[in-house]
Amino acid sequence: MEGNDTGMRDCIVVGAGAAGMSAALTLARARRNTLVIDAGQQSNLAAAGIGGLLGHDRRPPAKFYASGRAELMAYPSVELCRGEVAHGVKEDDGSFTVTFSDGRRERARSMVLAPGMNYRYPPLPGMNERWGHSVFHCPFCHGWEVRDRPMGVLAEGAVGVHGALNLRAWSDRITLLTNGSELSDQHREQLAVGGVGLDERPIAGLDGPGTELRSAVFADGGELPIGALLVKTTLYQRSTLARDLGASLTEPDEMLSVEAIKVDAMTRTGVPGLYAAGDAATSVPPSMAAAMASGYLAGAAAAVQLAAGY
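Starting afresh in each chain, residues are numbered from 1 along the sequence in its written order. Totals for whole chains, interfaces and linings use all residues, but because this is a predicted model, local features are given only for residues with pLDDT of at least 70 and pairs of side-chain atoms are given and counted only at 80 or more. As a convention, hydrogens and water are excluded, and side-chain values are obtained from all of the structure's heavy atoms.

Would you explain the pattern of salt bridges in this entry?
When their charged atoms lie close together, side chains carrying opposite charge are able to pair. The rule for a salt bridge is simple: a side-chain nitrogen of Lys or Arg has to be within 4 Å of a carboxyl oxygen of Asp or Glu. A full pass over the atoms with the stated rule returns 19 salt bridges. A salt bridge links E106 to R9, with the shortest nitrogen-to-oxygen separation between them at 3.2 Å. Of the two residues, E106 sits in strand 6 (residues 105-113) while R9 sits in strand 1 (residues 8-14), which places them 97 residues apart along the sequence. The rule is simple: take the accessible area with a 1.4 Å probe, protein chains only, and divide by the maximum for that residue type; under 20% is buried, over 50% is exposed, in between is partly exposed. On the basis of relative accessibility, which here comes to 11%, the residue E106 falls in the buried class. Only DSSP runs of H or I reaching four residues or more are called helices, and only runs of E reaching two or more are called strands; each is numbered from the N terminus.

Sorry if this is basic, but what is going on with the sheet that holds strand 12 (residues 203-207) here?
The pairing of strands in a sheet comes from backbone hydrogen bonds and takes either a parallel or an antiparallel form. Strands qualify as paired when DSSP identifies two bridges or more between them. Read across the sheet, three strands follow the order 12-13-14 without closing on themselves; strand pairing throughout is antiparallel. Every other strand in the sheet has two partners, leaving strand 12 and strand 14 (223-225) as the edge strands with one partner each. Strand-to-strand twist across the sheet, computed as the mean angle between neighbouring axes with direction ignored, equals 20°. With three bridges connecting them, strand 13 (residues 215-218) and strand 14 associate as antiparallel partners. Pairing of A216 across the sheet is with L224, part of strand 14. In this description, a line fitted to the C-alpha atoms serves as the axis of each element, helices being fitted only across the stretch in contact, and the angle between N-to-C directions of two axes falls anywhere from 0 to 180 degrees.

Whenever I open this one, the packing of helix 1 (residues 18-29) against helix 2 (residues 61-72) confuses me. Can you help?
Between two packed helices, the angle of one axis relative to the other and the distance separating the axes together describe the packing. Two elements in contact, helix 1 and helix 2, have axes separated by 10 Å at closest approach and are oriented at 15°. One finds that helix 1 runs roughly parallel with respect to helix 2. Here helix 1 and helix 2 pass one another in a crossing that is left-handed. The segment helix 1 lies against helix 2, with A18, M21, A24 and L25 engaging F64, Y65, G68, R69, E71 and L72. Residue composition of the contact of helix 1 with helix 2, grouped by class: seven nonpolar, one polar and two charged. Under this scheme an angle from 65 to 115 degrees is roughly perpendicular, one under 35 degrees roughly parallel, and one over 145 degrees roughly antiparallel; angles in between are oblique. Each crossing gets its handedness from the near helix: less than a right angle anticlockwise from the far helix is left-handed, clockwise is right-handed. For this analysis, residues touch if any pair of their heavy atoms sits within 4.5 Å. Throughout this entry, Asp, Glu, Lys and Arg are counted as charged residues, while Ala, Val, Leu, Ile, Met, Phe, Trp, Tyr, Cys and Pro are counted as nonpolar. The remaining residues, Gly among them, count as polar.

It is not clear to me how helix 5 (residues 185-194) should be interpreted in this structure. Could you clarify?
Given 3.6 residues per helical turn, the α-helix brings residues three or four places apart onto the same face. Restricting attention to buried positions, one finds in helix 5 the residues H187, L191 and G194. Across the axial projection of helix 5, the buried residues extend over an arc of 70°, all falling on one side. Opposite the packed face of helix 5, turned more than 90 degrees from it, sit the exposed residues D185, Q186, E189, A192 and V193. The inward-facing, buried residues of helix 5 abut helix 4 (157-166), strand 10 (174-177) and strand 11 (197-199). Arc definition: directions from the helix axis to the C-beta atoms.

Where do I start with helix 7 (residues 288-308) in this structure?
A helix's residues, less one, multiplied by 1.5 Å, set its expected span. Here helix 7 is 21 residues long and its end C-alpha atoms lie 30 Å apart, about the 30 Å a rise of 1.5 Å per residue gives. Of all the residues in helix 7, the buried ones are M288, A291, S294, G295, A298, G299, A300, A301, A302, A303, Q305 and L306. G309 sits one or two residues past helix 7 and shows a positive phi near 80°.

Would you mind showing me how to read the sheet that holds strand 9 (residues 151-154) here?
The five strands lie next to each other as 8-15-9-10-11, forming an open sheet whose pairing is parallel. Edge strands, defined here as strands with exactly one partner in the open sheet, are strand 8 (135-136) and strand 11. Both strand 9 and strand 10 contribute to a ladder of four bridges, which runs parallel. Its bridge partner being in strand 10, L154 is matched across the sheet by L177.

This is the structure we're talking about:
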């Protein structure tokens, strides 16, 4: 069952994060010839540890991925390669062809898209070096590590109010920072009732030693002492690959700021043989646990399709 036509694989998995490797492992155990393409862009590599993944809680992401790659390599039907897909095509015979940025091409009967997402947050000085440590976008992933510190929430409108009120589970000293945007009277009242502070001054940058955060510095020269900052982040597709292959995407909105690939309950995109999993295919806040679960579903769905011969 592991043999295939020359040059034609059973499945190509684009992405070697939690979702992509989970899909590949499922396909491997179904004895399907699978190519996993790893661009090395896993979004949580900057973090000190994985938060909230049972069996791997607080484990460094790089060690998690290394372990996953080692597990995949134990299966003879799986090949893992480094590279970036520049373009994809759905062929007339129903198969898929991907072209790498270096010109190499690969073909398969099915494909799983699990490339992760491009995280975009305000380009403030001091943000990048603290991302994934004292600055973060998911309190469930990082809140425990910064618990009980004075914290800020950088966001506007209803999103900011919701994020600030939610963050009270990790600290009783929360301040919403709107970076020059003004809140409505209703939102101000919600914050007051919830015991959350408010500062609407434009922010000049973040200050602190190394990856630690000491304060938010405002354009007027003032500072707010905080030890952690939750930031509204919008997630976008990393490439046009999903669109190239005919998949549909959601539009980011105020509350769910994610440009996700549309899929059904079995991770099917609506394009025969094309599946999507992980952060790239969910409009809800991303997590490693959810990514692994959707990767398993994508791998199983692709294996069933291949076994049925369509």
